Amino acid sequence: MQKDLVICQVPFTETAFPLMAGAVLKSIAEKAGWSSILYDFNQLYFEKIKKDYNASRVVDFLLHETHDTKILPFVKQMFSEMADKIIEHQPKLVAISVFTYCSRTSAVYLSMMIKQKSPNIKIIAGGSGLYDGVMMKTDFADLMRRMKLLDHYIIGDAEHSFLEFLKDNKNFGGINNADWQQIANNDLDVLPHPNYNDHQWNIYERKSIPITGSRGCVRKCTFCNDILHWKKFSFRSADSIFQEMLAQSKKYGLYHFQFSDALINGNVKEFRSLCQKLADYNNSNQQQLSWDSQFIFRPRKQFAEGDWDNLKASGVASLSVGVESLDEDIRYDMGKKFDQEDLEYNLYQCQRLQIEAACNIIVGYPLEDEKSIDKSKQWLADNTHFTDAMKLNFGGTMALFPDTPLFVNAEKYGITIDGPPWQNWWNKSSTPQLRKKWWSELVACAKSNGYHVEYSFENSIILEGLDLSNAPV
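Residues numbered from 1 in each chain as written. Predicted model: local features only at pLDDT ≥ 70, side-chain atom pairs only at ≥ 80, totals over all residues. Heavy atoms only, no water.

**Q** Even after reading the chapter, I still don't get the sheet that holds strand 5 (residues 152-154), so can you show me in this structure?
**A** Hydrogen bonds between backbone atoms are what pair the strands of a sheet, whose relative direction is either parallel or antiparallel. Sheet architecture is open: 5 strands sit in the order 2-1-3-4-5, paired in parallel fashion. On the outer flanks of this sheet lie strand 2 (36-40) and strand 5, each paired with one strand and no other. For this sheet the average axis-to-axis angle between neighbouring strands, irrespective of direction, equals 20°. Sheet topology note: the strand 1 (residues 5-9)/strand 2 ladder contains 5 bridges and is parallel. Following the sheet pairing, Q9 is matched in strand 2 by D40. (Pairing = 2+ DSSP bridges. Helix = DSSP H or I, 4+ residues; strand = E, 2+ residues; numbered from the N terminus. Axes fitted to C-alpha atoms, helices over the stretch in contact; angles between N-to-C directions.)

**Q** Looking at this model, I keep getting lost on unusual backbone geometry. Mind explaining?
**A** Residue F12 is bonded to the preceding P11 through a cis peptide linkage, with omega at 15°. With respect to the helices, strands and loops of the structure, F12 is situated in the loop between strand 1 and helix 1 (21-32). Positive phi values are uncommon outside glycine, yet E324 reaches one of about 70°. Residue position: E324 is located in strand 11 (residues 316-324).

**Q** Help me out: how do you make sense of the sheet that holds strand 10 (residues 290-295) in this one?
**A** Taken together, the 7 strands give an open sheet; going across it, the order is 6-9-10-11-12-13-16, and neighbouring strands pair in parallel fashion. One side of each edge strand has no neighbouring strand; the edge strands of this open sheet are strand 6 (209-211) and strand 16 (452-455). Pairs of neighbouring strands in the sheet enclose a mean axial angle of 20°, with direction left out of account. Of the strand pairs in this sheet, strand 11 and strand 12 (residues 356-363) are connected by 5 bridges, and their pairing is parallel. Paired with S318 across the two strands is E356, which belongs to strand 12. Packing of helix 11 (residues 238-252) onto the sheet brings it into contact with strand 6 and strand 9 (256-259), and relative to strand 6 it is tilted by some 160°. Across the sheet, helix 13 (residues 305-313) is in contact with strand 10 and strand 11; its angle to strand 11 comes to roughly 125°. (Contact = heavy atoms within 4.5 Å.)

**Q** Would you explain the packing of helix 1 against helix 8 (residues 158-166) in this entry?
**A** The geometry of a pair of packed helices is captured by two quantities: the angle between their axes and the separation between those axes. Interhelical geometry of helix 1 versus helix 8 gives an angle of 40° and a closest axis separation of 9 Å. Classified by the angle between their axes, helix 1 and helix 8 sit oblique to one another. In this structure, helix 1 meets helix 8 at a crossing whose hand is right-handed. Note on element contacts: helix 8 touches helix 1 through A158, E159, F162, L163 and L166, opposite V24, L25, I28, A29, K31 and A32. Classifying every residue of the contact of helix 1 with helix 8 by side-chain character gives 9 nonpolar, no polar and 2 charged. (Parallel < 35°, antiparallel > 145°, perpendicular 65-115°, else oblique. Left-handed = near helix turned anticlockwise from the far one by under 90°. Nonpolar A, V, L, I, M, F, W, Y, C, P; charged D, E, K, R; others polar.)

**Q** Looking at this model, I keep getting lost on the side chain of Q258. Mind explaining?
**A** By secondary structure assignment, the location of Q258 is in strand 9. Contacts of Q258, omitting those with residues within four sequence positions, involve F17, R206, S208, I209, P210, I211, D292 and S293.

These results come straight from atomic positions and should not be treated as a statement about function.
Listed below in structure tokens is the structure:
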């Protein structure tokens, strides 16, 4: 069937639940009066990639464009099939979501295949992968245009700019330039709900509806580059979020939500109100609403035990928390605003209410040394009573991202940087080799003390040369 617009999400992002970008674009197209269809190629080809004999080589190609003749037939067929699905709708426009830099290779090769098969189809792309290379800013979008693979691109919030583009206003900020404006709180409240009508829910491991309650962060952590993109913390009202949850659960028959927020409790007042609305609903309805999100541990005086009771009643399943260090002094320098008593208070509440706290840990902050690593080991040994509530997720060793406070103030920390990659740095107390050693020791210490331990490398930032033979899977 002919469609004005085909929206596609491309590999490779490993996710158990749907990504939201395509559904947002579909709702905007509907508002503009454009017919559309959405393909989540990222998920549709996930199982095929995993089951292929050369799966690791295929993933390596999609992440790093590492060429290997063994995977050429599989890769060529995959992008050809994607292009054929798109072209059969005879669209005026194809919109490609470049979710992160891990989606770039697919964006290039899919665009190339579309242009070869049907040169007159226009292609537009958006997403953080166009401008954020994790390790550095990039002109990837302009490069694709110079290669004649893209006709247009959008930088930043797309809810207004993509609508204006579909209305043929190509001079709006963020269209083919970086001059975009962050959407204000009042506008967030009245945006159309993401449209998941084209989603095949059975292909996802977790049947969760993505939802966004806020953008940006209230913290200014020294190692984080989120504040470079989101200059201000913007948030929706509790009622707006609650009404979307009611409408989407009724529409799709799904009752679990996955928040995309960097932190759901950035605005404590609105968060309390949301918890109360959800708690009241769950207390009055047999079919419960539930949710997961990223979360910050606040000082105990800011979120009392009664607030935690309401949080539990609201349907929370798990919280992902940036603890980052078990050494209070290191955490304070990072910009984290909770002490050891606050940490233990928050963990106690999670334990009391049986809320899983997935605590992210960074190893190798510039002020860390053997003494601070020993402090973290001691904390793990002294607090084994939290092993049933606290899951530890160790990311890669500390990377210094360009333009972050740490990077800008490298001289203050005595840092010498030899990058990219930006993990190759050292000062008087820290070297890449020491950080790898500390990482391995802390993982082993956590495991030996009975903690549930996972590890991730944040989009393939790899700990090269580290022996992972005993690491958890």
